[in-house]
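# Structural features, examined
Below are the chains, spelled out letter by letter.
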Amino acid sequence: MAFELPELGYAYDALEPNIDARTMEIHHSKHHQGYTNNLNNAIAGTDLEGKSIEDILTNLDMSNAAVRNNGGGFYNHSLFWTVMNPEDRGYLSGELKDAIEAEFGSKEAFIDAFSKAAATQFGSGWAWLCVHKGGKVEVCSTPNQDNPLMPGVTCGGTPILGLDVWEHAYYLNYQNRRPDYIEAFFKVINWNEVERRYAAAK
Ligand code: MN
């Protein structure tokens, strides 16, 4: 059973003006489709075929560049689409709010820490909010398509919020203004989904 490009769950223009429709369309239908196809090609006929993406990444041989890059790309974007939503976003609340305040002191301090991780990731990569077993949360960033599930990646735990800071994620609308894109991301976060992921992973 090959991996399939997941549906967005909303229209390409649904996140306007924060994330523009053209960027969303190219990002989903070209970039994410490309990672999906290349992942399927990379695992075809190997013992990775048929395993879940989480299983593949958690037990990854990091020297396997094709699976590292494309498996990461498949997983990261699949998460990314779900943690944004044009409506029914909810707000930071409940156990996740408690965990964030315990770690960072306040929601605002968390936003600062996450934004800094996203802004200072040199070149292409991702910023993450992760949860460890027991519920402790952590902010970090990873290069390229690496993610916290992979062995030996700086941050550990399960990613529950991710922001793509590759230029392909923002360049059409924001050009070199990555900080403006990061600020816009916080206007479209689907907190209901982040809380669901927190509860499932903690
Ligand atoms: Mn991307």
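That block above? That's the structure.
Our subject in this report is the structure included herewith. Note that the structure is a prediction, hence the values are computed from the model and not measured.

### Describing unusual backbone geometry
Going from E16 to P17, the amide bond is cis rather than trans, its omega being 0°. Residue position: P17 is located in the segment before α1 (21-43). With phi around 55°, N144 is a residue other than glycine that occupies positive phi space. The topology assignment puts N144 in the loop between β2 (137-143) and β3 (158-164). Take N144: its relative accessible area is 40%, and that puts it in the partly exposed class. The phi torsion at Q175 lies on the positive side, around 45°, for a residue other than glycine. The topology assignment puts Q175 in the loop between α6 (171-174) and α7 (178-185).

### A word on the coordination of the manganese ion
Those protein atoms acting as donors to the manganese ion are H27 (NE2), H77 (NE2), D164 (OD) and H168 (NE2), and they sit at 1.9 to 2.1 Å. We note that the donor set of the manganese ion lies within a single chain, spaced as H-x49-H-x86-D-x3-H. In this pair, H27 sits in helix α1 while H77 sits in helix α3 (residues 65-82), placing the two residues 50 residues apart along the sequence. For H27, a relative accessible area of 1% translates into the label buried. The class for H77 is buried, based on a relative accessible area of 0%.

### Looking at helix α4 (residues 94-104)
Burial in α4 covers these residues: L96, A99 and I100. Buried residues in α4, looked at end-on, bunch into an arc of 95°, giving them a common side. Looking at the buried residues of α4, the elements they touch are α5 (107-120), β1 (125-131), β2, β3 and α8 (191-201). In the segment just after α4, G105 is the residue with positive phi, at about 100°.

### Focus on the sheet that holds β2
Judged by pairing direction, the sheet is antiparallel, and its three strands sit side by side in the order β2-β1-β3 without closing on themselves. Either end of the sheet is taken by a strand with one partner, and the two such strands are β2 and β3. Within this sheet the neighbouring strands show an average axis-to-axis angle of 25°, counted without direction. Summarising the sheet, β1 and β3 pair through six bridges and their orientation is antiparallel. In the strand pairing of β3, L129 is matched with L161. Docked against the sheet, α4 engages β1, β2 and β3, running at close to 80° with respect to β2.

About the criteria used
Residues numbered from 1 in each chain as written. Predicted model: local features only at pLDDT ≥ 70, side-chain atom pairs only at ≥ 80, totals over all residues. Heavy atoms only, no water. Helix = DSSP H or I, 4+ residues; strand = E, 2+ residues; numbered from the N terminus. Buried < 20%, exposed > 50% of the residue type's maximum accessible area, 1.4 Å probe, protein only. Donors = N, O, S within 2.8 Å, 3.2 Å for Na, K, Ca; no water. Arc of directions from axis to C-beta. Contact = heavy atoms within 4.5 Å. Pairing = 2+ DSSP bridges. Axes fitted to C-alpha atoms, helices over the stretch in contact; angles between N-to-C directions.

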